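Report on the structure
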Amino acid sequence: MNILPAKVSEQSVLRLFSEHDDFMLDFLGEDKAYYTRYDVSENIENVWIAYEQDQPIGCIAYRKKNPDSGEVKRLFIRKDHRGKGISKQLFNVLKDHARAQGCRKLYLDTRITLEPAVSLYKSLGFEITFRQGLYIQMESII
């Protein structure tokens, strides 16, 4: 497996973002009205794609919030490749980049009902810092 940087405008990135959105909309069911599909207004600055045999299998994105903090966005692994540690590898690439940019804290938003994601984020050092209904914000010192 290889992890490579990509431009947000690349078709492989947009396809993975679309698959992520489709997964979320299906997962959310009746709550899908509260979910927003990817839009360039998210101002995502960096994206990394995990490849297996030259096929994109997952991604993670980053944007800076302020001089010493950043945000983890759109972590997604295609279903057939989950459970292999790819998310952690993608996160470590993002974390190294964030540190090099002077970032000391990372944030992310998710839903408490996405139990595998919440467990993953906790294993990566994130803690829940805010909750409103099913929505949570998590933070990690890096």
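My aim in this report is to walk through the structure given alongside it, one point at a time. All figures in this text were calculated on a predicted structure; none of them were measured in a lab. (Residues numbered from 1 in each chain as written. Predicted model: local features only at pLDDT ≥ 70, side-chain atom pairs only at ≥ 80, totals over all residues. Heavy atoms only, no water.)

The subject of this paragraph is the overall build of the chain. The secondary structure content of the chain amounts to 3 helices and 7 strands. Helices (α) and strands (β) of the chain occur, in sequence order from the N terminus, as β-α-β-β-β-α-β-α-β-β. Against the globule reference of 14 Å for 142 residues, the chain gives a C-alpha radius of gyration of 14 Å, in line with a compact fold. In terms of overall dimensions, the chain has C-alpha extents of about 40 × 35 × 30 Å along its principal axes. (Helix = DSSP H or I, 4+ residues; strand = E, 2+ residues; numbered from the N terminus. Rg over C-alpha atoms; globule rule 2.2 N^0.38 Å.)

Let's shift gears to unusual backbone geometry. Positive phi values are uncommon outside glycine, yet Q53 reaches one of about 50 degrees. As for its placement among the helices and strands, Q53 is situated in the loop between β2 (46-52) and β3 (55-66). A relative accessible area of 74% means that Q53 is categorised as exposed. Here the phi dihedral of D54 falls at roughly 65 degrees; this positive angle occurs in a residue that is not glycine. Mapped onto the secondary structure, D54 falls in the loop between β2 and β3. (Buried < 20%, exposed > 50% of the residue type's maximum accessible area, 1.4 Å probe, protein only.)

Structurally, E42 can be placed in the loop between α1 (11-28) and β2. Overall, E42 belongs to the buried group, its relative accessible area being 13%. Separated by 2.8 Å, the side chains of E42 and R74 make a polar contact. With sequence-adjacent residues up to four places away left out, E42 is seen in contact with R37, R63, K73 and R74. (Polar contact = N/O pair within 3.5 Å; in protein donor to acceptor, adjacent residues only side chain to side chain. Contact = heavy atoms within 4.5 Å.)

Moving on: the pattern of salt bridges. All told, the structure shown has 9 salt bridges when counted by the stated rule. Close ionic contact of K73 with E42 constitutes a salt bridge, the shortest N to O distance being 3.8 Å. Taken together, the residues K73 in strand β4 (residues 69-77) and E42 in the loop between α1 and β2 connect sequence positions 31 residues apart. By relative accessible area, K73 is classed as buried at 16%. (Salt bridge = Lys/Arg side-chain N within 4 Å of Asp/Glu carboxyl O.)

Further remarks concern helix α2 (residues 86-100). Here α2 is 15 residues long and its end C-alpha atoms lie 22 Å apart, about the 21 Å a rise of 1.5 Å per residue gives. Residues of α2 that are buried: I86, S87, L90, F91, L94, K95, H97 and A98. The secondary structure elements touched by the buried residues of α2 are β1 (2-6), β2, β3, β4, β5 (105-111) and α3 (115-123). Trailing α2 by a residue or two, G102 shows a phi angle of about 90 degrees, which is positive. (Expected span 1.5 Å × (residues − 1).)

Any link to function would need more than the numbers given here.
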